[in-house]
Amino acid sequence: MYVLTLVTLLLIYAALALSLNLITGLAGQVTLGHAAFFGIGAYTLAFLVAHGLGFWPALLAGGVAAGVTGLLLGAISLRLRDDFLAIATIAINFVVVALFLYLPFFGGAFGMSGIEAPFGDTGTLIVAVVLFGLTAVLHEVIRASDLGLALIALRESEDAAGALGVDVKRFKVTAFSLGTAVAGVAGGVYAVYVGVIHPHDFGFPLSVTLLAMVAIGGMGTFRGPIAGAIVLGGFAQAFSFIHNYQLVLYGLLLALVMRYRSQGLLGRRE
Amino acid sequence: MCKRLLLALALVVSPIIGAQAQDTVTVGVLAPLSGFAAADGKSAVTSIRLAAKTINDRGGLMGRKIDLKVYDDQADPKQAVNFARRLVEQDHASFVIGASYSGATLAAAPVLNKNHVPMMAAYAVAPDITMDKPYVFRVGLMGPVEGRVGAMLAGKLGASKVGMVNLKNDFGQALQQGFESQAKSQGLDIVFSDTYPLGNKNFTSMLVRMKTKQPDVVYASGYYSDAANLVRQAQSVGIQAPIIGQDGYDSPKFIELGGDAANGVYITTQLDRDSDHADVQHFLDAYKSETGEAADMVGATAYAALEVMAKAVDQAGSLDGDAVRRTLAGTTDVETVAGHVYKWNDHGDPIKTATVQVIRNGEFHRYMNVTDQDLLTP
Amino acid sequence: MDPTVVGYLALEGLVVGSVYALTALGLALVYGLLRVLHVAHAGVYAVGAYCGWIAFDFGHSLTLALVAGAAGAAVVGVFLDWWFYRPLADRPPLVPLIGSIGLFLAAGDLLRIVFGPYQHSLPAMNAAPLVSVGGVTVNATQIFVLAGTIVLLLVVYWISAWTRLGLAWRSIAQDRETAAAMGINIPRHTALAFAVASAIAGIAGVMVAVYYNQLSPTMGNEPAYKTLAIVVLGGLGNVWGTVAAALLLGVVESIAGAFAGNYFPPQAVAFVALILVLLFRPQGLFGR
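Residues numbered from 1 in each chain as written. Chains lettered and ligands numbered in written order. Predicted model: local features only at pLDDT ≥ 70, side-chain atom pairs only at ≥ 80, totals over all residues.

A. Spatial organisation of the sheet that holds strand E10 (residues 266-269) of chain B. All names here are of chain B. The mixed open sheet is built from seven strands, whose spatial order is E7-E6-E8-E9-E10-E14-E15. Two strands lie at the open edges of the sheet, namely strand E7 (189-196) and strand E15 (363-370), each paired on one side alone. Ignoring which end each strand starts from, the neighbouring axes of this sheet average 25° apart. The sheet contact formed by E10 and strand E14 (residues 354-360) spans four bridges and is antiparallel. Bridge assignment links Thr 269 to a residue of E14, and that residue is Thr 355. (Pairing = 2+ DSSP bridges. Helix = DSSP H or I, 4+ residues; strand = E, 2+ residues; numbered from the N terminus. Axes fitted to C-alpha atoms, helices over the stretch in contact; angles between N-to-C directions.)

Set out below in C-alpha cells:
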C-alpha cells in the first residue's frame, strides 16, 4: 500500500518531467518556473471542487487554466532568449506563488485542505497511471511529428530554423502551452493525492527539482525525464536513513552531472 | 529501456522494505530535520528523545521500551503523507508525534486518523489538523487563544491604544483573529495594523508609520529570527512602548539575536522557566546539558506531546488505538512541561494554561500565569 | 505625510539596496565576462559571511572578520571558476546554469550541516540610535553598511576605470575574440574577476550579518533570486546600471513594505519589475 502511494507520486512527477521536457528538452526553452503551472492546476481544481464542481471537469479546467497562462509565457518567450527567459520564468514562479498567498479565495496562508480523492487511494493511483500514460503518448507523438522535428530544429539553432521556414513563433508558443497544460492537469491529480496544498508547495525549489529531473535524466529524450523523476522524486523516500544529507547530496548530484556528463544519465552526446 | 527503468525503480524501493520490531513500543515522529524548518525540527526531536529516555528510565511504557522512528519530512506535505503511510504500514507505530509545521501535519493527520493510529500534534497551529479527526489531538496552545491572552496582557499593562504588526501566515492570522476579538470586548483601540511576509527582515519603515499613531503597546507576531530584527529596529527608531510577542519568539535564540533590544519584551507562551514543577525543571536541565542551549517552546511542546501520550497509554493499560483515544478524550487535569491541560475539547484541542514571560537581563522569567478557563477555551 | 517617514524610507531603502548592490555587481561582472548566470554567487556570499563570523568569534575584531570574509569568499569563487565554469565554457548556457543552482543548494545545506540550522549572531555593533539627522535616528550598523558600500564602490570604480585590469575586463566583455587576439589572457582576467566579485560578496555577507545581527545557512536564498532580477533590471552585464537598479529596488521595497504590507509582499517587487522590464524594455532600465 505504502509502495503504491509512493508510485502514485512518482507517476505524477514523471508526467510533470515529461511536460517540462516538451518545453526545455525538445524546444530548448529554459524554464525555471514550471512548478507555478503545476500549482495553477492544483489550486484551480481545489477551488472548483470546493465549490461543487465534479472532479473531471475541474481537472480539465486546471489544465486549461495552466495552458492559457502558458500561452502568456510563450508570448513572453518570443521576445527573450536563454538567460533572460530563465530569469523571467523564475519571476513568474514567484509572482504566481504570491498570488496564491495573497488572493483571499485561495485560502491565503492556510492553503486549501480537505481535498477529497473521489475514488480513494487506488483510484488516484489509476488516475495517475492514466495521466502518465497519456502524457507519454503525447510526448512521443510530438517528438516524432512535424512539430517535434521543428522543435528540435529550434533547439539546435533558432536562426537556422527560421531561415528554413519553420514558424518559430508558433512552435515556441505551442510548446509552452502544451507543456504547461499537462503540468496543470498533473497539478489537479496531485491536489487530490496529497489532500492539502499551500502556496509554497509550488515555489522555485520545486521548479528547480523538475528541471533537475529532466537535466539529470537526459534532456530531450523520452526515458531521461522519467528516470530523473524516479531517481529525484524517490530520493527523499528511499534515502530516509540519511535524512540529514538530502539537499547537499541532491545539489552535488546536480552540479556533478552538469560538470561531467551534461547530456544527463540517459542522454546521448550530441 | 524497460530494464533500466525497472532497475531505477528497484534501487529506489528496496531500502524501503524495512526490518521488523522487537518487544518495544514503536513511536513514530514526523519532524523537519532538513530544509528551512530544520532548527525547530532539531529542537523537537532532541526533546522527544529526552522524553523517551525519561520514560524508559522509569520503566518504559507498560514495561516496554519506547523505540522512536523519526522521519525527516522537511516540513513538506507530500513527504509527510508518505512517511505517515510508512509509519502505519511498515513500522506499525502505536502512535505518532506530529512535531512538524502545520502544512506537513495537516497532510499526515488524515492518514493516521483513517488508520486509527493516535496522533498528538506538538506545536502546529492550523485549526483543521484536529477537525473531524477523532484520533488526532494537539497539545500546543491554539493560535486564537494565544491572541486573546495577548489582548488581556495589553490591558493588564495599562494600554488603551495598540499597534499591531502581523505575520502573514496561518500562525499570524490565527493570533490576529484572537487578539482582535478579545481587544474589541475589552475596548482596546487598535490604532495601526499591518502585515508582513515570512522571512521579511526590514521593519523600519512600517514601524515608523506605526510610531506616528503613538500606540501604548505593540503586538507583533512572528518567529524569533524575524522578531529579533523587529525589536532591534524598533529600538533604533525610538519606539518606547512595550512589545508583546508570542511563543514564536520563545527561543533563547531570540535573546541572542535581538541582543540588548530583547530586554523588556513580553511573550505569551507555554513554557514557564520559573515553574515550581519538578518535571519542568528536569526538562530544562536535561535539555541544557544535552545541547548546551536553553530549551524553547517547540522543544517543550514536543516533550509534552510524548509525555501526554505515554500517560494516556499507561492509564488505558493498552496500546490499542481506540483505547488510547478514548482515554485522551476523557482525560482531565494533566500536568505537562508545556503547561497544565484541563481537558481536551470535542475536536481534540487542549484547554490549557498559558504563561506570560518577560525578558530581563537576557533571560526569560515569569511575569504571570493565565488560568482563566473562559479566556483559554478555544 | 510625516517627513521623518520619508527619511526612514530612504535610509532603510539605501541600506538594504547597498547590500543588494554589492552582491549583484559581482554577478554582473561575471556575466559580462562569461555570459553565464553565476547563481552560486549567493552561496559564495553566505560562505563569506560564515568565514567572517568564525573570525569574529575567534578574534572579536570586525576588521579581521571583513578580511576573513573577503578572503574565504574569494577562494571559493576562484575555485568555482577554475573547476566548474571554465571547463563548461563551450556548453549551452543551460548546463552551467543548472549546475550553478545545484552548487548553490549544496553550499547552503553544507553550511547547515557544518554550523547547524540555527541562526548565529555577529554582535559587532548594537542597534541603539547613534546620531539623528533631521529627526531620523541612525544607528551604527547602518553607518557601517553605507560607508562600507561607498568605499567598495569607489574601489570598483577605480579598478574598472583606471587600471589595466578594468580595461581588460571591458574588452573581454565587449568582444571576447578580439580581446584574445590582442593577447589578453582571458582565463587569468576571469579568475581575477571572480576573486574581486567574490571578495566583495563576502564583505557584503559580513555586513549583512552585522546589520541584522544574524547569519544563517539559508541567508543566500533571497539574494540568489533577487540579484538575478537586479542584474536584468540594470542591463545584463552593465555593472553601474546594476548598482543603480539595486539601490532603486531597496528604496521601492521599503516603500512597499511601509504602505502595501497588507496587499503585497515586498519581495515580489523585484519580480514584478523584472517582468515589466522584460516585456517593455529588455535591455534593462539602464541598458543601452
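B. Just the interface of chain A and chain C, in detail. Listed as interface residues are 33 residues of chain A and, on the opposing side, 35 residues of chain C. Only helix H3 (55-79), helix H4 (82-102), helix H9 (204-217) and helix H11 (246-260) of chain A provide two or more residues apiece to the side of chain A that touches chain C. Take the side of chain A that touches chain C: its biggest share by element is 13 residues, from H4 of chain A. For the side of chain A that touches chain C, the per-class residue count stands at 26 nonpolar, three polar and four charged. (Contact = placed C-beta atoms within 7 Å. Nonpolar A, V, L, I, M, F, W, Y, C, P; charged D, E, K, R; others polar.)

C. Layout of the packing of helix H2 (residues 34-50) of chain A against H4 of chain A. Residue and element names in this part refer to chain A. Put simply, H2 and H4 touch, their axes get as near as 9 Å, and they point 25° apart. The orientation of H2 relative to H4 falls into the category roughly parallel. For H2 against H4, the interelement crossing comes out left-handed. Contacts between H2 and H4 involve Ala 35, Ala 36, Gly 39, Ile 40 and Tyr 43 from the former and Ile 92, Asn 93, Val 96 and Phe 100 from the latter. (Parallel < 35°, antiparallel > 145°, perpendicular 65-115°, else oblique. Left-handed = near helix turned anticlockwise from the far one by under 90°.)

D. Structural view of the environment of Ile 216 of chain A. Residue and element names in this part refer to chain A. Take Ile 216: it is sitting in helix H9. For Ile 216, a count of 29 C-beta atoms within 10 Å puts it in the buried group. For the pair formed by Ile 216 and Asp 121, sequence separation is 95 residues and the distance between their alpha carbons is 30 Å. Residues in contact with Ile 216, not counting those within four places in the same chain, are Gly 228, Leu 232, Leu 253, Leu 254, Val 257, Gly 264 and Leu 265. (Buried ≥ 20, exposed ≤ 12 C-beta atoms within 10 Å, placed from the backbone.)

E. Structural context of the interface of chain C and chain B. Listed as interface residues are 31 residues of chain C and, on the opposing side, 32 residues of chain B. Counting residues per element, the ones that place at least two in the side of chain C that touches chain B are helix H1 (3-34), strand E2 (136-139) and helix H10 (239-259) of chain C. When residues in the side of chain C that touches chain B are grouped by element, the largest group, six residues, is from H1 of chain C. Taken together, the residues of the side of chain C that touches chain B break down into 14 nonpolar, 14 polar and three charged.

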